Amino acid sequence: MNLIEISNLDVTFGSFANTVAAVRDVSFNVAAGEAFGIVGESGSGKSTVLRAICGLAPVTGGTIRIDGQPLKTPRDAGFYRRVQMVFQDPYASLHPRHTVDRVLAEPLAIHGFANAETRIEQALADVGLGHGFRFRYPHQLSGGQRQRVAIARALILEPKILLLDEPTSALDASIQAEVLNLLDRLRSERGLTYILVSHDLAVVAHMCERLLVMQHGRTVEELTRAELQGRRAQQPYTRALLVASQGYVGQTPTLEKA
Amino acid sequence: MTDLLTVEDLRITYPTRQGPSEVVRGVSFALGRERLGIVGESGSGKSQTGRALLGLTPAPGIATARRLEFDGIDLRQASPATWRALRGIRISMVMQDPKYSLNPVMTIGRQIVEAYRTQKGGAKTAARDRAMAMLEAVQIRDPSRVFNAYPHELSGGMGQRAMLAMMLITEPDLLIADEPTSALDVTVQLEVLAILDRLVADRGMGLIFISHDLRLVSTFCDRVLVMYAGRIVEEVKASDLANARHPYTQGLYTCLPRIEGSQRPLQTLQRDASWAL
């Protein structure tokens with residue numbers, strides 16, 4: 001049973017003559033408890049897919065179903081109880097003048113949760129931040145700590161689905177390992193379903209069972225982790241990405257520009 | 001080979017309420033016409049080091065050094081006029097994020113032309129042709145569109161290439177690239193690196209490549225300085241990085257996930273207080 005079904009999704013920005021088709025005819029399914037990766041260059045529409053699921057981008061065609069139900073626009077509160085998003089840049093996604101406590105209390109208030117006190121303490125403990133962080137402002141936290149707060153904010157509503165938009169690309173390699181371990185642990189403890197967007201194939205290979213490669217708003221191909229690890233990609237674009245992930249090898253893989 | 005740049009005992013201090021805090025503590029290195037990588041985490045002082053080489057330590061920070069020489073010019077007591085003759089002309093710097101380093105209210109073309117004419121003067125049309133050629137040299141497919149575009153109209157990769165074009169149009173001897181590709185996609189990253197690589201090879205430019213990405217630096221640079229807490233903890237030949245001796249370098253290397261499959265959970269860096277001493 002697929003938890004998330006996306007079929008023939010189109011997202012178009014702008015109007016009249018001045019339109020940009022950011023996502024064109026993208027389809028994929030994600031089973032409950034699975035981690036699904038979306039890989040592509042910037043402008044490939046990978047983040048837009050996540051934003052479209054969240055209701056932050058205009059869906060102009062196709063359907064998004066969660067639990068078999070097509071999503072309503074605008075999304076209702078029940079949707080955000082089940083689906084939460086972690087954004088790329090923890091420097092931009094936390095309100096600079098709200099304390100961690102207030103960041104975490106707001107979703108609880110919106111959704112009418114009881115015992116906010118214990119939930120906030122628990123959420124901080126879950127992401128490995130102690131009590132001492134609760135009344136700090138974002139500028140008093142390091143990048144890794146901020147991203148933990150962003151993850152805590154998303155998880156405090158106990159969602160089933162977490163949409164992760166480049167959750168570690170703003171972080172140092174050593175901190176990235178910690179955040180990836182945290183996400184991995186939370187998924188196995190709580191049976192979460194992830195859609196992880198990243199430009200880093202190694203991160204996706206580590207985290208996700210299956211992945212979708214996107215370019216120019218279209219699907220290039222869908223791979224399993226085993227296919228990725230065995231470098232059995234069919235499409236030249238995916239092969240170029242695989243070469244690129246090894247670092248600088250003296251020559252640029254030729255990319256087909258459309 | 002004569003050294004292009006010599007740095008001895010560079011220290012950068014910021015006053016704080018708890019007394020002065022040293023963020024760079026005695027960094028020394030020499031650079032020829034080669035690719036030198038500086039790797040470290042955020043807060044390790046690598047960007048501060050890069051900025052100090054251009055005299056751009058932001059106030060109230062103070063940079064001191066026993067020796068700081070670029071091509072025989074002592075940079076420690078350099079006058080504003082000397083700096084003007086060096087910055088952007090003989091030493092250029094590319095910053096991490098093109099969103100913040102480009103002027104948002106000027107078109108890309110005007111900014112490049114301005115950079116060129118400040119140094120070389122000459123007619124606008126000549127500068128314009130040169131700028132177009134430079135945009136092409138950094139592999140921009142549609143130079144005339146980019147020339148007339150504002151920074152917000154470009155993607156990160158495009159913006160960074162435009163930035164590179166602007167920095168390289170004056171044909172500097174030394175380029176300090178502070179995380180020039182961190183905001184870019186892997187494939188674009190390689191294209192930008194290929195451009196840099198060609199410039200180092202063809203024009204004999206010196207390059208200081210500051211990055212947190214150990215894997216990238218190890219494949220791109222000739223030598224790597226690993227910084228931790230304001231000090232150079234290790235200098236390794238890039239090809240030997242896998243056999244680095246310092247536990248910090250090893251930790252940085254092993255905490256990266258690998259496509260071929262990595263251990264679960266990933267190894268995390270166990271910091272040792274003695275490294276920071």
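From a predicted model like this one, the values you see are computed outputs, not experimental measurements.

Definitions and limits used
- Each chain carries its own residue numbering, running from 1 in the direction its sequence is written.
- All chains are assigned letters beginning at A, and all ligands numbers beginning at 1, according to the order in which they are written.
- With the structure being a predicted model, the display of local features is reserved for residues of pLDDT at least 70 and the display and counting of side-chain atom pairs for 80 or more, all residues being used for whole-chain, interface and lining totals.
- Hydrogens and water molecules were not included; the side-chain quantities draw on all heavy atoms of the structure.
- The term salt bridge refers to a side-chain nitrogen of Lys or Arg lying within 4 Å of a carboxyl oxygen of Asp or Glu.
- Type-normalised accessible area, obtained with a 1.4 Å probe on protein chains alone, sets the label of each residue: buried when under 20%, exposed when over 50%, and partly exposed for intermediate values.
- Whether two residues are in contact is decided by their heavy atoms: any pair within 4.5 Å suffices.
- Here's the idea: put two parts together, see how much 1.4 Å probe accessible area each one loses, and the total over both is what we call buried area.
- Two N or O atoms count as a polar contact when they lie within 3.5 Å, although within protein this holds only if one can serve as hydrogen donor and the other as acceptor, and sequence-adjacent residues are included solely when both atoms are side-chain atoms.
- Secondary structure elements are defined from DSSP: runs of H or I of at least 4 residues count as helices, runs of E of at least 2 residues count as strands, and each element is numbered from the N terminus.
- Here a cavity denotes grid points, spaced 1 Å and computed from the protein atoms alone, that fit a 1.4 Å probe unable to get out, and a pocket denotes an open set having protein on both sides within 12 Å along at least 5 of 7 lines; residues with an atom within 4 Å of a point are the lining.
- Grid points are joined across faces, edges and corners, and a volume is the space filled by probe spheres set on the points.
- Aromatic pairing here means that ring centres of Phe, Tyr or Trp (its six-membered ring) are within 6.5 Å. Orientation follows from the plane angle: under 30 degrees is stacked, over 60 is edge-to-face, and everything else is tilted.
- Sitting over a ring, as applied to charges here, requires NZ of Lys or CZ of Arg to be within 6 Å of the ring centre and within 35 degrees of the ring normal.

Engineer: Would you take a moment to explain the pattern of salt bridges for this structure?
Structural biologist: One side chain can pair with another of opposite charge once the charged atoms of both are near each other. Residues and elements named next belong to chain B. Summed over the entire model, instances satisfying the criterion amount to 30 salt bridges over all chains. In this structure, aspartate 74 engages arginine 76 in a salt bridge whose closest nitrogen and oxygen atoms are separated by 3.1 Å. Look at aspartate 74 and you get partly exposed, because its relative accessible area is 31%. Classification of arginine 76 by relative accessible area gives partly exposed; the value is 39%. Each member of the salt-bridge network shares a partner with another, and the members are Glu8, Asp9, Arg11, Glu22, Arg66, Arg67 and Glu69.

Engineer: Is there a simple way to think about the interface of chain B and chain A in this case?
Structural biologist: Frequently, the measure chosen for interface size is the accessible area removed from exposure when the parts meet. The interface of chain B with chain A comprises 33 residues on the first partner and 37 residues on the second. Both sides of the chain B and chain A interface together cover about 3100 Å² of buried area, and 56% of this is carbon and sulfur. The largest per-residue losses of area from chain B upon contact with chain A belong to Leu190(B), Ile259(B) and Arg264(B), which jointly make up 23% of the total buried on that side. At the boundary of chain B with chain A, the tally comes to one salt bridge. As a salt-bridge pair, Arg231(A) and Glu260(B) come within 2.5 Å of each other at their nearest N and O atoms. At the boundary of chain B with chain A, the tally comes to three residue pairs in polar contact (both at pLDDT 80 or more). Within the residue set of the side of chain B that touches chain A, elements represented by two or more residues are helix H8 (186-203) and helix H9 (214-220) of chain B. At seven residues, the largest contribution of residues to the side of chain B that touches chain A is made by H8(B).

Engineer: What is the right way to look at the layout of surface pockets in this model?
Structural biologist: Gaps left between atoms show up when a probe the size of a water molecule is rolled over them. Residue and element names in this part refer to chain B. Of the pockets and cavities examined, the second largest pocket occupies roughly 500 Å³. Along the walls of the second largest pocket sit 20 residues, with Arg87, Gly88, Ile89, Ser92 and Met167 positioned nearest its centre. It is helix H4 (residues 108-120) that provides the largest number of residues to the lining of the second largest pocket, a total of five residues.

Engineer: Help me understand the side chain of Asn181(A) in this model?
Structural biologist: Assignment of secondary structure puts Asn181(A) in helix H7 (residues 173-190). According to the relative accessible area criterion, Asn181(A) is buried, its value standing at 14%. Discounting residues that sit within four places of it in the chain, Asn181(A) has contacts with Pro265(B), Leu266(B) and Thr268(B).

Engineer: Please explain the packing of aromatic side chains as it appears in this structure.
Structural biologist: In this description, an aromatic ring pair is defined by two values, namely the gap between the centres and the angle between the planes. A complete count under the given rule lists four aromatic pairs over all chains for this structure. A centroid spacing of 5.0 Å and a plane angle of 80° characterise the contact between Phe79(A) and Tyr80(A), whose relative ring orientation is edge-to-face. Above the face of the Phe220(B) ring, Arg35(B) is positioned so that its terminal group lies 5.4 Å from the ring centre. Looking at Arg258(B), its charged tip hangs above the ring of Tyr253(B), at a distance of 5.5 Å from the centre.

Read these as layout, nothing more, since geometry by itself doesn't imply function.
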